[in-house]
Structure formats: structure tokens, C-alpha cells
Amino acid sequence: MKKTTQLYEGKAKKVFLTSDSDLVIQEFKDDATAFNNKKKGSIAEKGVVNNAISCKLFTLLESNGVRTHLVEKLSDREMLCRYLDIIKVEVVVRNIAAGSLVKRYGFAEGTLLETPIVELYLKDDDLDDPLMNDSHAVALGVATYEEIAVLKSRAEAINLVLRKFFADRKLKLVDFKLEFGRNKGEILLGDEISPDTCRLWDLDTNEKLDKDRFRFDLGGVEDAYSEVQRRVLELD
Ligand code: TMP
């Protein structure tokens, strides 16, 4: 399958059309941004690492009954995907308090959440992806109540699969962000799951092994991404 025209360029990926109208190619870049583009940089080989991790995790989810857009890994940086009409909702699942949850509600970082928190954000860079609830999403016309219910239950099911998978690899899945889209009347998981979109802490030391190293200039960014790749791909 070959790329034709570029459909879209995002902060971390490009998406290309192909000769099959149901298929697109996601190309993973090394560009890194944080705080909605206010911080910009690049992480060497991030595109290769995130494509490999995402393909592995999407395959894991498919084998656990979660439908995703993944068709196959095409090359180091390319993922062949089903075309999605992207739902403009970012679904965040949190198992441990960190990031904006700490800022917004005053949790101590590292607090274990007895019940995972599921949050919805409007996918709109111009508005800085504001937090919203179901009725905002419906009023804005980005999804129906039925679709929001599907997104939330799908996100919870994904959390159970990923939390166990990462724990087996000595990683705590602190929180993560998911995106979904419509394809032929079905809702599929889209985008990527990688250290860009998850917080992952070492189970024993709580060392941060994700994009927070880039966001907060903690150093060792490439090493953290490679370590996650090693644990996800080599420890089978
Ligand atoms: P937050 O604590 O900054 O709200 O982030 C929650 C999770 O979502 C974290 O794992 C990082 C991920 N995330 C994205 O993937 N994209 C985003 O634009 C933001 C804000 C967070």
C-alpha cells in the first residue's frame, strides 16, 4: 500500500490517503510538543519507537476484543490504518494522580485512585482542549450520548488490559489519553498509545518513563522512550 496525498499533519504524525479509500497511513514524526505547542522540540527516533509501541499495544487490544484502526505495521515509521471520522473528544483515564489532575483538584501527585477517573476533553487546539462533560459534547455536536457512553466503557476496558500488560513489565500506567473515530457504523480506537500519550512510572522506583521528561526538562528523554520500547516489545 502506497501513500497518495497528505490528508493532515499533526504535532506528532502525518496522515496520508492511499489508493484504497478505506485505508490511510499514519507516519510518526520525531517532533515533540507540549502544553499545546508552547514548548517545541524533537526526540531522536521517537517516531520509530512510538510506532513500534503503538502497533504492539493495538494488536494486544485487538486480541482482547477492542476494535482499533490498526491494519498492519508497514515500516519503521508507518502504520496502515482504517480511515476514521475522528470524534473530537480526547478521553483520559487516570489510575494515579498526576499532571492536570494535581493542578486542577489539588491531589498529591502519586495518590492511587481507588476507582479510575475518566475525563473528556474537547479536541480543539484553538481552545486549548478544554475539559468537558457529556452534555457539553452533545451540545457541541461532537458526539451523541450513546457514543459518549461507548467511549467511556471502551476506555475503561482498555485500561484494564493495559494496566495488567504494563504491570507485568514493571510499569505503572498512571494515566493515558485515547481518541476514537467512526468507520462504517462502528467506533474504533484511533491515534496512538505511546509514551507521548501515557504516563508510565517504573513500578519499583516511580521513575518517570514518558513525555513528562520532555515537558519538564528532566533529561534522559530518549533513554526513557527506549526503555519503554524494550519492556513492551522484548519482554514477551
Ligand atoms: P494531563 O494530566 O496533562 O491532563 O494529561 C493526562 C494524560 O493525557 C497524560 O498521559 C498525557 C496525555 N495527554 C495527551 O496525550 N495529549 C494531550 O494533549 C494532553 C494534554 C495529555
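Everything that follows concerns the structure shown earlier in this document.
This one's a predicted model, so the numbers in the text were calculated from it and none came from an experiment.

**Student:** How should I be thinking about the overall build of the chain in this particular structure?
**Tutor:** Helices and strands together make up the secondary structure of the chain, namely 6 helices and 13 strands. Against the globule reference of 18 Å for 236 residues, the chain gives a C-alpha radius of gyration of 17 Å, in line with a compact fold. Referenced to the eigenvectors of the C-alpha coordinate spread, the extents of the chain come out at roughly 50 × 40 × 35 Å. A buried classification covers 50% of the 236 residues belonging to the chain. Long-range contacts, defined here as pairs at least 24 residues apart, represent 55% of the contacts in the chain between residues at least 6 apart. Summing over all exposed atoms, the chain offers an accessible surface of approximately 11,100 Å²; the carbon and sulfur share of this is 51%.

**Student:** Would you take a moment to explain the site of the ligand for this structure?
**Tutor:** By nearness alone, 14 residues border the ligand, and Arg94, Ser100, Asp175, Lys177 and Arg199 come closest of all. Within the side chain of Ser100, a nitrogen or oxygen atom sits 2.6 Å from an oxygen atom of the ligand. For the ligand, an oxygen atom lies 3.5 Å from a polar atom in the backbone of Thr197. Burial of the ligand by the protein amounts to 77% of the accessible area it has alone, namely 440 Å². For the shell around the ligand, the secondary-structure elements that each account for two or more residues are strand S8 (85-96), helix H2 (99-105), strand S11 (171-183) and strand S13 (198-202). Here the shell around the ligand takes 3 residues from S11, the largest share from any one element. Broken down by class, the residue content of the shell around the ligand amounts to 5 nonpolar, 3 polar and 6 charged.

**Student:** What exactly am I supposed to notice about the sheet that holds strand S2 (residues 13-18) here?
**Tutor:** Sheets are built from strands paired through backbone hydrogen bonds, the pairs being either parallel or antiparallel. If you walk across this open sheet you meet the 5 strands as S1-S2-S3-S7-S6, and the pairing is antiparallel. The open sheet is flanked by strand S1 (3-9) and strand S6 (70-73), the only strands paired with a single partner. Each strand axis lies, on average, 30° off the axis of its neighbour in the sheet, ignoring direction. The sheet contact formed by S6 and strand S7 (residues 78-82) spans 3 bridges and is antiparallel. Considered in S7, the bridge of Leu70 is made with Cys81. Against the sheet, helix H1 (residues 46-63) touches strand S3 (23-28), S6 and S7, its axis set at about 135° to S6.

**Student:** Quick question: what am I supposed to make of the side chain of Glu119 here?
**Tutor:** As for its position among the elements, Glu119 is in strand S9 (residues 112-122). Here Arg94 takes part through its side chain, which lies 3.0 Å from a polar atom of the side chain of Glu119. At 2.6 Å, the side chain of Glu119 and the side chain of Tyr121 are in polar contact. Excluding anything up to four places from it in sequence, Glu119 contacts Glu90, Val91, Val92, Arg94, Leu101, Arg104, Tyr105 and Leu131.

**Student:** Would you explain the side chain of Asp202 in this entry?
**Tutor:** By the element assignment, Asp202 lies in strand S13. On the basis of relative accessible area, Asp202 is assigned to the buried category, the value being 9%. Within the structure, the side chain of Asp202 is placed 2.9 Å from the backbone nitrogen of Thr205, a separation counted as a polar contact. Not counting the four nearest positions on each side in its chain, Asp202 is found in contact with Lys170, Leu171, Lys172, Glu207, Leu209 and Arg231.

So, how was this worked out
- In every chain, residue numbers begin from 1 and rise along the written sequence.
- The predicted origin of the model limits local features to residues at a pLDDT of at least 70 and limits the giving and counting of side-chain atom pairs to 80 or more, whereas totals for whole chains, interfaces and linings rest on all residues.
- To obtain the side-chain values, all non-hydrogen atoms of the structure were included, while hydrogens and water were left out.
- Each helix is a run of H or I in the DSSP string that is no shorter than four residues. Each strand is a run of E no shorter than two, and both are numbered from the N terminus.
- We take the radius of gyration over the C-alpha atoms and set the globule estimate at 2.2 Å times the residue count to the 0.38 power.
- Buried means the residue's accessible area, taken with a 1.4 Å probe over protein chains only, is under 20% of the maximum for its type, while exposed means over 50%, and partly exposed covers the values in between.
- Residue contacts are defined here by distance: any two heavy atoms, one from each residue, within 4.5 Å place the two residues in contact.
- Only the protein chains shown count as cover for residues, and the accessible areas themselves come from Shrake-Rupley with a 1.4 Å probe.
- The rule for a residue being near a molecule or strand is that one of its heavy atoms must lie within 4 Å of it.
- Definition of a polar contact: a pair of N or O atoms within 3.5 Å, with one able to donate and the other able to accept a hydrogen when the atoms are protein atoms, and with sequence-neighbouring residues admitted only if both atoms are side-chain atoms.
- Note on residue categories: nonpolar means Ala, Val, Leu, Ile, Met, Phe, Trp, Tyr, Cys or Pro, charged means Asp, Glu, Lys or Arg, and polar means any other residue, Gly included.
- Here, a strand pair is defined by DSSP locating no fewer than two bridges between the strands.
- In this analysis an axis means a line fitted to C-alpha atoms, helices contributing only their contacting stretch, and an angle means the value between N-to-C directions, from 0 to 180 degrees.

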